[in-house]
Structures are given as structure tokens and as C-alpha cells.
Amino acid sequence: MKAIRVHEFGGPEVLRLEDVPDPRPGAGQVLVRVRAAGVNPVDTYIRGGGHAVRPQLPFTPGLDAAGTVEAVGEGVERVRVGDRVYTAGSLSGAYAELALCDEAQVYALPERISFAEGAGVSTPYATAYRALFQRAHGVAGETVLVHGASGGVGTAAVQIARAAGFTVIGTGGTDEGRRLVAEQGAQYVLDHHAPGYLDELTKLTGGRGPDVILEMLANVNLNKDLGVIAKGGRVVVIGSRGAVEINPRLAMARDATVLGMMLFNASPRELESVHAGLVAGLEAGTLRPVVGRELPIASAARAHEEVLKPGAYGKIVLIP
Ligand code: NAP
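Residues numbered from 1 in each chain as written. Predicted model: local features only at pLDDT ≥ 70, side-chain atom pairs only at ≥ 80, totals over all residues. Heavy atoms only, no water.

Participant: Give me the lowdown on the overall build of the protein, citing residues and values where you can.
Facilitator: Across its full length, the protein carries 10 helices and 15 strands. Across its three principal directions, the C-alpha atoms of the protein cover 60 × 40 × 30 Å. Per-residue burial over the protein gives 54% buried out of 320 residues. Excluding contacts between residues fewer than 6 apart, the proportion of contacts in the protein whose partners are at least 24 apart in sequence is 66%. Per element, the accessible surface of the protein, about 13700 Å² overall, is 50% carbon and sulfur. In the protein, which carries 31 positive and 34 negative side-chain charges, the distance between the mean positions of the two groups comes to 3 Å. (Helix = DSSP H or I, 4+ residues; strand = E, 2+ residues; numbered from the N terminus. Buried < 20%, exposed > 50% of the residue type's maximum accessible area, 1.4 Å probe, protein only. Contact = heavy atoms within 4.5 Å. Areas by Shrake-Rupley, 256 points an atom, 1.4 Å probe, with all protein chains shown as cover. Lys, Arg positive; Asp, Glu negative; His and termini not counted. Charge placed at Lys NZ, Arg CZ, Asp CG, Glu CD.)

Take a look at the structure:
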């Protein structure tokens, strides 16, 4: 099969399309014929070698794929050959024609969701879901600010929160991105580059501030978040690309909580719960990933450059 291989950690140029032997499923394993693979910012950090997850070289990158079950190993009960699935991680990497998975890493992909959309489910939606429910313990009726709502995690968070009965305020950095955030169900949309947008946020919440902030760029926004959050509010740090100075008095004054989160830290039981919630939303039609761009798998290096550029618009997916 064809697969993207990384032989040394480095820039996007280390992503090379090669021929490798087809993997074969052992007991408890599932082989997925990949129809689309999702590109996440974390794939670029892992490729660069600076992430806590440091695979043994050489490796095939990618966590998220969607496709059909090609073969199953002994004892597999959850899926059958031919089933449509999305993957939440794999044993062999998602940027390939075939991905070998543990049975627990595959979930049913409802008919109404295309393979390209399915490739945008796992990391973004599981992250948004875990942040909102398992970390912030958000409940219906609260107001959530999705600070960075135009990308993969942000659009997922807007859909999840809206379907669960939150008032959703999302931010985007471009007109196109903000339109997308509104289309995904945010009742209010702000420009995170506009001067005074946080004053606008405070007005929109009647002076109270949001109960929950899902933060995609904490190194820029954390101190600002603590200045606008409601009393008893929770900020979940989902993304951060550097250090930031905060004034702890802002958190004191509001009994506010800052919560870190890393999807890789979720326990198997928590992940089962997350994906049960996601599959239900995909089936019901309240959740549908936004595919911004489809690129051939040979363009993985370009996809890794694009995914880190400003002006996010949903997901970038690779087609093998
Ligand atoms: P993405 O698709 O590239 O989206 C990035 C988002 O950040 C866009 O909405 C972008 O908006 C927004 N942004 C840019 N400048 C901003 C600012 N000043 N204030 C607020 N938002 C701003 O990336 P993603 O897949 O959604 O991931 C988002 C972040 O979460 C990344 O850093 C990623 O590494 C991280 N992440 C963490 C976990 C975890 O387990 N903790 C899991 C998944 C992702 P515009 O481009 O419209 O300006």
C-alpha cells in the first residue's frame, strides 16, 4: 500500500509517500481501508519531534481516518467487513491506504456522514466534547465562548454546545471564518482580532461573562479570558503555542478555574463515553464536520503547512 512515511523528525519536507507492506490484523484488531484522513495541528507537532508523543522512526503520521472495514482479526465483535467507520487513533498511522487499528479505536460512521467528513470527527470532536463536558462540566443553559471557533475543534465545539442547549458565542479571524461559525449554530460571532471585541462579549452576556471558555490560543488570550469570565466560570486550555503572563487576581475575583486538557490523557472509559455522545450526534444530524479542503495524500507536506496558517476554515483532509 501507499503511505506517508517519516524517517526523521523535522519540517513538512520529511513527509514522503512510499510503498510499504499491507498491514494484517491480529487478534482484536481491525484493518480499515482509508477513504480520507484528517489533518490536525498535533500531527505537525509529532512530525517535528517536539511533542510528548514521540513515535519510533520510521512511522506513518495521522490519528483520524474514515473508511470501510477491510478485514478483522480473531475475536473482533464491534464491526464487520464492509462497515463504514471512523478511527480514533490507529496502530499504523492514518495517512495511508490502509490503517491497522485496535478494535476500541474504530467507531461506526453513520451513512449520512461522508468519508471526508468522517475524517474530521475524531480528534476535533472528541477534544471539544471532552473540554465542554468532562473538563468544564458544562450544562445546558450556560453560555460558552468558543475562542477560536472557525477551525476543526472550534466548529465541532459550536455544533456540540448548540445541540446541548448552551448559548454559544464563537470567534473567527476572517469574514469567511465568522460566517462559517454562524452557520454552525453560534448565536453570536465576534472577531478575535478586532479591538474591543471582549467589551462586545461582556455586553452580549448582559455584563455577566461566559460561564465556560474553550480556549484555542491560550498564550494570547488566557489573561483576557480571566478578565471577562463569569463568576464560577471555567476556562479550558485546549490550544497554546507559547507562554503568557496572567494576573491571578482576575481569577480570584471571579472564583474562576483554569483547566488544562489533553485528549491523549482521556482514559479508555472516558473515550468510550465521548464517542458514544459523538456517534449519537452524527446519527441525529446535529453534528457534521466541516471539510474546508480536500488534498491528495501526496500533498501531506502542503497540508501540514496550511493547517498552521491563520484563516482557518473547518478541516483539511487527505485523500489516499
Ligand atoms: P485549526 O483548525 O488550525 O484552528 C485554529 C483556530 O484558532 C481557528 O479558529 C483560528 O481562527 C483560531 N485563532 C487564531 N488566532 C486566534 C486568536 N488570537 N484568538 C482566538 N483564536 C484564534 O486548529 P484546531 O484543530 O481547531 O486546533 C486548535 C488548537 O487546539 C491547536 O493549537 C491544536 O494544537 C489544539 N488542540 C489541542 C488538543 C488537546 O488535546 N488539548 C486537541 C486538538 C487540538 P482564525 O484562523 O479564523 O483566526
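Participant: Describe the site of the ligand, with residues and values.
Facilitator: Inspection of the region around the ligand gives 29 residues, with Y45, S150, H192, L263 and A312 positioned closest. V307 places a main-chain nitrogen or oxygen 3.3 Å from an oxygen atom of the ligand. Contributions of two or more residues to the shell around the ligand are made by α1 (41-48), α3 (122-135), α4 (152-163) and α7 (218-228). Tallied by class, residues from the shell around the ligand come to 14 nonpolar, 14 polar and 1 charged. When residues of the shell around the ligand are sorted by domain, at least three fall in each of domain 1 (2-121 + 289-319) and domain 2 (124-264). (Near = heavy atom within 4 Å. Polar contact = N/O pair within 3.5 Å; in protein donor to acceptor, adjacent residues only side chain to side chain. Nonpolar A, V, L, I, M, F, W, Y, C, P; charged D, E, K, R; others polar. Domains from an automatic or database assignment.)

Participant: Any chance you could break down the pattern of salt bridges for me, citing the residues and the numbers?
Facilitator: Evaluation of the coordinates by the stated rule reveals 12 salt bridges. E272 is the salt-bridge partner of R78, the closest N and O atoms lying 2.8 Å from each other. Of this pair, R78 sits in the loop between β4 (64-72) and β5 (84-88) while E272 sits in helix α9 (residues 268-284), placing them 194 residues apart in sequence. For R78, a relative accessible area of 35% corresponds to the partly exposed category. Where D191 meets R178, a salt bridge forms, and the shortest distance between an N and an O atom there is 3.3 Å. Of this pair, D191 sits in strand β10 (residues 188-191) while R178 sits in helix α5 (residues 175-183); the two residues are 13 residues apart in sequence, bridging distant segments of the chain. Under the relative-accessibility criterion, D191 is labelled partly exposed at 21%. A relative accessible area of 17% means that R178 is categorised as buried. (Salt bridge = Lys/Arg side-chain N within 4 Å of Asp/Glu carboxyl O.)

Participant: Explain the environment of A128 to me, using residue names and the numbers behind them.
Facilitator: Tracing the sequence through the fold places A128 in helix α3. Looking at A128, the relative accessible area reads 1%, which means it is buried. For the pair A128 and I238, spaced 110 residues apart in the sequence, the C-alpha separation amounts to 8.4 Å. The contacts of A128, once residues within four sequence positions are left out, are V153, A156, A157 and I160.

Participant: Residue-level account of the domain arrangement of the protein, with values.
Facilitator: By domain assignment, the protein separates into domain 1 (2-121 + 289-319) and domain 2 (124-264). The straight-line distance from the C-alpha centre of domain 1 to that of domain 2 is 28 Å. The partner domain 2 presents 16 residues to the 19 residues of domain 1 that form the contact. When the two sides are added together, the surface that domain 1 and domain 2 hide from each other amounts to roughly 1200 Å², 64% of it contributed by carbon and sulfur. The tally of links from domain 1 across to domain 2 stands at 0 salt bridges. (Buried area = accessible area lost by both parts, 1.4 Å probe.)

Participant: Requested: an account of the environment of A131, with residues and values cited.
Facilitator: Looking at the secondary structure, you find A131 in helix α3. Residues A131 and L259, spaced 128 residues apart in sequence, show a C-alpha to C-alpha distance of 8.9 Å. For A131, the contacting residues outside a window of four places in its chain are A136, L214, V236, I238 and M261.

Participant: Give a detailed account of unusual backbone geometry, specifying residues and quantitative values.
Facilitator: Here the residue pair L57 and P58 is connected by a cis peptide bond, since its omega of -15° sits within 30 degrees of zero. Of note, H137 is a non-glycine position whose phi angle comes to about 50°, a positive value. Relative to the helices and strands, H137 is located in the loop between α3 and β8 (143-147).

Participant: So, the nonpolar core: which residues are in play, and what are the values?
Facilitator: Residues Y86, V144, V146, L214 and L278 are the most contacted members of the largest nonpolar core, which totals 39 residues. Excluding anything up to four places from it in sequence, V144 contacts L132, A161, F166, T167, V168, I169, P210, V212 and L214. Among the nonpolar cores identified, the runner-up in size contains 23 residues, and V6, F9, A94 and Y95 belong to it. (Core = buried A, V, L, I, M, F, W, Y, C linked by side-chain atoms within 4.5 Å.)

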